[in-house]
Amino acid sequence: MRVHNAYSVIYNELVFNVLKKRFGEGEAVVFARSSAAGGQRFPVHWGGDCESTWEAMAEALRGAISLTLSGFAFASHDIGGFEGHPPPEIYQRWVAFGLFSSHSRLHGSSSYRVPWNYGEDAAKSMSKFVEAKHRLMPYLYDLSITANVKGYPLQRAMFLEFLGDRTTHYLDRQYMFGTLLVAPVFVPKDEEVEYYVPAGRWTSFFQPERTVQGPIWVKEIVPIDEIPVWVRPGTVLLLGPKGTGRPDYDYSQGIEVQLYELAEGQVYEANIPRGKGADIVGVVRAERSSGGIKVTVSGGNAELATINVFGGDISVKSVAGGSLETGSGVRVDVEKGSKEVVIHLV
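## Considerations on the packing of helix α4 (residues 120-135) against helix α5 (residues 137-150)
Point 1. Between α4 and α5, whose axes approach to 5 Å, the crossing angle comes to 60°. With respect to α5, the element α4 is oriented oblique. Note on element contacts: α5 touches α4 through M137, P138 and L140, opposite K133, H134 and R135.
Point 2. For the contact of α4 with α5, a count of residues per class yields three nonpolar, one polar and two charged.

## Remarks on the pattern of salt bridges
Point 1. Inspection of every chain in the model, using the stated rule, returns 15 salt bridges.
Point 2. The partner of R105 in a salt bridge is D78, and the shortest N-O contact between them spans 3.1 Å. Highlighted residues: R105 in strand β2 (residues 105-106) and D78 in strand β1 (residues 78-79), separated in sequence by 27 residues.
Point 3. Since its relative accessible area comes to 23%, R105 is described here as partly exposed.
Point 4. Among the residues examined, D78 registers a relative accessible area of 0% and is labelled buried.
Point 5. As a salt-bridge pair, E161 and R232 come within 2.8 Å of each other at their nearest N and O atoms. Placement of the pair is E161 in helix α6 (residues 158-161) and R232 in the loop between β8 (229-231) and β9 (235-239), with a sequence separation of 71 residues.
Point 6. A cluster of three or more residues bridged by salt bridges with shared partners is formed by R135, E256, E325 and R331.

## Things to note about the sheet that holds strand β16 (residues 322-325)
Point 1. Strands sit in the order β9-β10-β14-β17-β16 across an open sheet of five strands; the sheet is mixed. With one partner strand each, in any of the chains shown, β9 and β16 form the two edges of the open sheet. For this sheet, the mean angle separating the axes of adjacent strands, direction not counted, is 20°.
Point 2. One ladder, built from six bridges, connects strand β10 (residues 255-260) with strand β14 (residues 304-310); its direction is parallel.

Conventions used here
Residues numbered from 1 in each chain as written. Predicted model: local features only at pLDDT ≥ 70, side-chain atom pairs only at ≥ 80, totals over all residues. Heavy atoms only, no water. Axes fitted to C-alpha atoms, helices over the stretch in contact; angles between N-to-C directions. Helix = DSSP H or I, 4+ residues; strand = E, 2+ residues; numbered from the N terminus. Parallel < 35°, antiparallel > 145°, perpendicular 65-115°, else oblique. Contact = heavy atoms within 4.5 Å. Nonpolar A, V, L, I, M, F, W, Y, C, P; charged D, E, K, R; others polar. Salt bridge = Lys/Arg side-chain N within 4 Å of Asp/Glu carboxyl O. Buried < 20%, exposed > 50% of the residue type's maximum accessible area, 1.4 Å probe, protein only. Pairing = 2+ DSSP bridges.

So, in structure tokens, the structure goes:
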């Protein structure tokens, strides 16, 4: 009997079970390269030994969304490429792409991929994107639970989310990361990048004062320390505190709630994961009405720190359960221990 295609799955299962026996239920992880049908049970997978070129970086994305279209929840790749030594520009662009992937690792064959080998600017960029991923961990962990329970991948081809928009059927240089649209840059810093934003008013994750109304093709020159990341309208995004310095912390404390383009009369929810297994310790619920926005949190120990509201011209009359912070936009500091905040609008 020939079992060529099954060998990698059998091997991954063997290693997975050894790790589970050693470290306990829920603690085993296999970082694998080869697989076949059935290998979805043993994540994580990465794309193999790619070159350190623009072309290979784009291939890594195509491979990742092809993998997740095949039922694999997670996808990774060697940041900077495995073979060769990437120039600083490719390294920095790949760092941004890699840290907006489900799993991130620096890996090279004949040279180190540590950021200080590529200059001070590369180190600063790395710090910026690592901090962003650390803060996104409550959101990413909840996406991972959904992936485990329902099979929805974290990195999704655009057409999975926008099947009725035929333009998305051919896009292979951008992807949805849950409700975040990510468009990695695959060109030198002085060249324009082009990507597609579907219908609705989308908000920049890194520059929330910037919005675009889709459907639209965006052409722009992206600075070397940036990556286009757009938040889908109707998103409740939970961020952890600044400066944790690590991805594993108490996701139920110091939560910053980001509300994007909430439609009147709609209710939106976001889960607060415990950070161990598939446990959910609370739910943030946001509802917009003609008179205001109400945000509640369930779960005994879950505690909100701030609420940011993005979307159009919003004028606040008063706040119950918190205090309005002066400055641009709508930002509310939540009273300690408050489980409900009501933002009364003019």
